[in-house]
Amino acid sequence: MKILLTGGAGYIGSHVATALVSSGHDVVCFDNLSNSDAAVMDRLEAITGTAIPLVEGDIRDRDAMRYVLQEYGAEAVIHFAGLKAVGESVAEPIKYYDNNVRGTLTLLEAMADCDVHTLVFSSSATVYGQPQYLPLDENHPTSATNPYGRTKLMIEEMLRDVAAADSKWRIAILRYFNPVGAHDSGLIGENPNGIPNNLMPFISRVAAGRLAELSVFGDDYDTPDGTGVRDYIHVVDLAEGHVAALEAVAKSGQPISTWNLGTGQGYSVLEMVEAFERINDVSVPYRIAPRRDGDVASCFASPERAARELGWKANRDLDAMCASSWRFERMLATRNAD
Ligand code: NAD
Ligand code: UD1
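These numbers were taken from a predicted model, which means no experiment stands behind them.

### Quick look at the overall build of the chain
Working step 1: Scanning the chain from N- to C-terminus turns up eleven helices and 14 strands.
Working step 2: For a compact globule of 338 residues, the expected C-alpha radius of gyration is about 20 Å, and the chain comes in at 19 Å, within 12% of that figure.
Working step 3: C-alpha atoms of the chain, sized along the principal axes, occupy 55 × 50 × 40 Å.
Working step 4: Counting every position in the chain, which comprises 338 residues, the buried fraction comes to 54%.
Working step 5: The long-range fraction of contacts in the chain, counting pairs at least 24 apart against all pairs at least 6 apart in sequence, stands at 79%.
Working step 6: Accessible surface computed for the chain: about 14400 Å², of which carbon and sulfur atoms make up 47%.
Working step 7: Here the chain contributes 29 positively and 46 negatively charged side chains, and the mean placements of these two sets differ by 2 Å.

Right, dumping it as structure tokens:
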């Protein structure tokens, strides 16, 4: 298939691009580069041996979306483009509703204009809110505690309405748990601007000496060691989940489906620190800090539906997640030294 990736130059989009090319699909990336760098395209070429086109533009621009869909003959869209920082979404909600919700609406309009009705959407486990039971399956009630989460919930609702109104649509909603790690080549990975909000990039930067120490947000949760437990999933496994979901939804009789992409296994913050130190033979100094607002004690997936319906499950373990994150961090250090 010919597939358009909105936000394709970003962390997850770039990994999905490599997985799609290795599965024989044609890919074009569309990105406004607000949180990515066009240089990633050269690295994607080095990895895949294929020059993947990047069209610079904004998903809120309907004409630009129509142009790229038509020019490249896209048959399906995987929609990653969006803003994702929880704290920033609290401070600047309008920016989040505009970019994420209006952006998705404009994309849907352009897709309908161009008669493209196959869509895979990047949602998040954040839509489960405070877990009422674990593991979280797709039937768990949804709620949101911040504007970022609300944009994901609103978009999910929009997609359900669109699919209900017109049976031509084939939509996959993928609820990611905690994507971490990097491609084995060390050429692409997660490199957030400024101080990272998420655990794994923070740990990498402390190990590299770019940040002094990790603050562990709370050690008094109801978990085995008191620190927060999450379902970390290797980004390459996550990418393979997209290929499986796209192929399933394209030939499915159902207009809309929702799948968790997680491992089913939770690890605590201290387990992550210990694994990173052990696998990479580095030191990650940390101190215990107060809990972070909005955090839950434990969050992990039931990946059963994806296993059953997509024939997909995550295979890469915590060691592979930590080793690949560190390989990417060292590659960044070499690049910065050049
Ligand atoms: P990312 O910031 O690395 O990638 C998003 C890409 O979208 C960036 O390249 C950015 O430049 C682009 N973009 C943003 N707004 C745009 C716009 N208006 N028009 C065109 N391009 C735009 O983030 P990521 O981690 O790769 O996340 C991808 C998607 O997955 C996001 O929708 C995010 O909310 C969702 N998600 C991510 C995580 C995670 O932990 N990384 C977890 C759950 C869900
Ligand atoms: C966060 C977001 C969530 C988003 C997800 C993936 C919040 C409240 N939630 O989830 O909406 O979908 O990222 O992008 O921001 N931790 C530390 N020290 C740190 C950073 C994190 O101890 O410096 C802990 C956290 O308290 C948590 C765990 O590490 O227990 C994972 O945190 P993080 O990587 O931010 O992911 P989530 O909180 O699951």
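More follows now that the structure is in view.
### Some thoughts on the nonpolar core
Working step 1: Ranked by size, the top nonpolar core spans 40 residues in total, and within it Leu5, Ile12, Leu20, Val27, Ile52 and Ile78 carry the most contacts.
Working step 2: Considering every element that reaches this core, the biggest residue donor is helix α8 (residues 235-250), with nine residues.
Working step 3: Once residues lying within four places of it in the same chain are set aside, the contact partners of Leu5 are Gly13, Ala17, Leu20, Val27, Val28, Cys29, Phe30, Ile78 and Phe80.
Working step 4: With 28 residues, the next largest nonpolar core counts Phe30, Ala74, Val116 and Ile173 among its residues.

### Concerning the packing of aromatic side chains
Working step 1: Evaluated as defined, the whole model comprises two aromatic pairs.
Working step 2: Centre to centre, the rings of Phe276 and Trp326 are 5.9 Å apart; their planes meet at 80°, and the pair counts as edge-to-face. Here Phe276, found in helix α9 (residues 269-280), pairs with Trp326, found in helix α11 (residues 318-337); they are 50 residues apart in sequence, far enough to count as distant.
Working step 3: Judged by relative accessible area, which is 11%, Trp326 ranks as buried.

### Brief notes about the state of the cysteines
Simply put, disulfide is the name for a covalent bond between the sulfur atoms of two cysteines.
Working step 1: In total, this model carries zero disulfides according to the counting rule given.
Working step 2: For Cys299, which is in no disulfide, the shortest distance to another cysteine sulfur is to Cys322 and amounts to 18 Å.

### A short note on the site of ligand 2
Working step 1: What surrounds ligand 2 is a group of 19 residues, the closest being Leu199, Ser215, Arg230, Arg292 and Asp295.
Working step 2: Residue Thr126 places a side-chain N or O atom 3.4 Å away from an oxygen atom belonging to ligand 2.
Working step 3: The separation between an oxygen atom of ligand 2 and a polar side-chain atom of Asp295 is 2.6 Å.
Working step 4: Isolated, ligand 2 exposes 740 Å² of accessible area, and the fraction of that covered by the protein chains is 88%.

### Considerations on the site of ligand 1
Working step 1: Neighbouring ligand 1 are 27 residues, the closest being Ile12, Asp31, Asn35, Ser36 and Lys84.
Working step 2: One of the side-chain N or O atoms of Asp31 is found 2.6 Å from an oxygen atom in ligand 1.
Working step 3: In the complex, 96% of the free accessible area of ligand 1, which totals 820 Å², lies under the protein chains.
Working step 4: Listed by contribution, the elements that provide at least two residues to the shell around ligand 1 are α1 (11-22), β5 (118-124) and α6 (147-165).
Working step 5: Broken down by element, the residue count for the shell around ligand 1 peaks at three residues, all from β5.
Working step 6: Split into classes, the residues belonging to the shell around ligand 1 amount to ten nonpolar, twelve polar and five charged.

### Topic: the sheet that holds strand β2 (residues 26-31)
Working step 1: As summarised here, the arrangement of the seven strands in space is β3-β2-β1-β4-β5-β6-β11, forming an open sheet in which the pairing is parallel. Each edge of the open sheet is held by one strand with a lone partner, namely β3 (54-56) and β11 (256-261). Neighbouring strand axes in the sheet, compared pairwise and without regard to direction, differ in orientation by 20° on average.
Working step 2: By the bridge criterion, three bridges tie strand β4 (residues 76-79) to β5 in an arrangement that is parallel. By the bridge assignment, Ile78 is partnered in β5 with Val120.

### Quick word on helix α3 (residues 62-71)
Working step 1: Three or more residues of α3 are buried, namely Ala64, Met65, Val68 and Leu69. Here the buried residues of α3 occupy an arc of 130° about the axis, which is enough to place them on one side. Facing away from the buried surface of α3 by more than 90 degrees, the exposed residues are Asp63, Gln70 and Glu71.
Working step 2: Looking at the buried positions of α3, the neighbouring elements they touch are β1 (2-6), β2, β3, β4 and α5 (93-113).
Working step 3: Sitting at the amino-terminal end of α3 is Asp61, which places a side-chain oxygen 3.2 Å from the backbone nitrogen of Asp63.

Rules used throughout
- Residues numbered from 1 in each chain as written.
- Chains lettered and ligands numbered in written order.
- Predicted model: local features only at pLDDT ≥ 70, side-chain atom pairs only at ≥ 80, totals over all residues.
- Heavy atoms only, no water.
- Helix = DSSP H or I, 4+ residues; strand = E, 2+ residues; numbered from the N terminus.
- Rg over C-alpha atoms; globule rule 2.2 N^0.38 Å.
- Buried < 20%, exposed > 50% of the residue type's maximum accessible area, 1.4 Å probe, protein only.
- Contact = heavy atoms within 4.5 Å.
- Areas by Shrake-Rupley, 256 points an atom, 1.4 Å probe, with all protein chains shown as cover.
- Lys, Arg positive; Asp, Glu negative; His and termini not counted.
- Charge placed at Lys NZ, Arg CZ, Asp CG, Glu CD.
- Core = buried A, V, L, I, M, F, W, Y, C linked by side-chain atoms within 4.5 Å.
- Phe/Tyr/Trp six-rings, centres within 6.5 Å; stacked < 30°, edge-to-face > 60°.
- Disulfide = S-S within 2.5 Å.
- Near = heavy atom within 4 Å.
- Polar contact = N/O pair within 3.5 Å; in protein donor to acceptor, adjacent residues only side chain to side chain.
- Nonpolar A, V, L, I, M, F, W, Y, C, P; charged D, E, K, R; others polar.
- Pairing = 2+ DSSP bridges.
- Axes fitted to C-alpha atoms, helices over the stretch in contact; angles between N-to-C directions.
- Arc of directions from axis to C-beta.

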